[in-house]
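# Structural features, examined
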Amino acid sequence: MITTLLQSGNYDGQSALLTNLTTSEAFFLIIIIGLVGMVVQARLRSVFKKYSNVGLSNSMTGAEIAEKMLRDHNIHNVKITHVKGMLTDHFNPQTMTVALSEGVYASRSVAAAAVAAHECGHVLQHKDGYVPVKIRTAMVPVVSGVRLWSSSFRFRVWSSSEK
């Protein structure tokens, strides 16, 4: 799939940055990307926690904010659902659902409103055919597979180090 994405632009086969990486360079790049992702995730959790204690003046829940935003944009075919976990919120274009996590769905905080609006923003991008969202949607199965593989790999490494 990555090859297809690269070939869709002005790709000549010679100048692509990723085609000349050695295995160790690619591994290093993956580690750097993973570390940056962990830092971003830690910052997101910190900011979410801070603003979870700030109430909204209109007292709407995250779910109510999401429903209003969709109605205000004349979108009636997307369902707002509740999902377990913290910051596991997402828009699923296959099922046309916005899943809001426990800390967002029923919360009346500024943080809940921001996350709900963010996820509904993905719905608007999907409706408008925004190309980066199409690419992201196409990559979800690949990323999910890599996550499954990496968690399995970490478990095997962790288990073997305890013996």
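What this report covers is the structure whose coordinates are included nearby. (Residues numbered from 1 in each chain as written. Predicted model: local features only at pLDDT ≥ 70, side-chain atom pairs only at ≥ 80, totals over all residues. Heavy atoms only, no water.)

For the rest of this paragraph, the subject is the side chain of Ser 109. In this structure, Ser 109 sits in the loop between α4 (102–105) and α5 (110–128). Within the structure, the side chain of Ser 109 is placed 3.0 Å from the backbone nitrogen of Ala 112, a separation counted as a polar contact. Among all residues touching Ser 109, those that are not within four sequence positions of it are Tyr 51, Ser 52, Val 54, Gly 55 and Leu 56. (Helix = DSSP H or I, 4+ residues; strand = E, 2+ residues; numbered from the N terminus. Polar contact = N/O pair within 3.5 Å; in protein donor to acceptor, adjacent residues only side chain to side chain. Contact = heavy atoms within 4.5 Å.)

This part covers the nonpolar core. In this structure, Leu 70, Val 78, Ile 80, Val 98, Leu 100, Val 104 and Val 123 are the most contacted members of the largest nonpolar core, which totals 23 residues. Elements represented by at least two residues in this core include exactly α3 (62–72), β3 (97–101) and α5. With 8 residues, the top contributor of residues to this core is α5. If near-sequence neighbours (up to four positions away) are discounted, Val 98 is found in contact with Val 78, Lys 79, Ile 80, Thr 81, His 90, Phe 91, Glu 119 and Val 123. (Core = buried A, V, L, I, M, F, W, Y, C linked by side-chain atoms within 4.5 Å. Buried < 20%, exposed > 50% of the residue type's maximum accessible area, 1.4 Å probe, protein only.)

The next point concerns the pattern of salt bridges. Evaluated as defined, the whole model comprises 2 salt bridges. Across the pair Asp 72 and Lys 68 runs a salt bridge whose closest N-O atoms are separated by 2.8 Å. Of this pair, Asp 72 and Lys 68 both sit in helix α3, separated by 4 residues, roughly a single helical turn. (Salt bridge = Lys/Arg side-chain N within 4 Å of Asp/Glu carboxyl O.)

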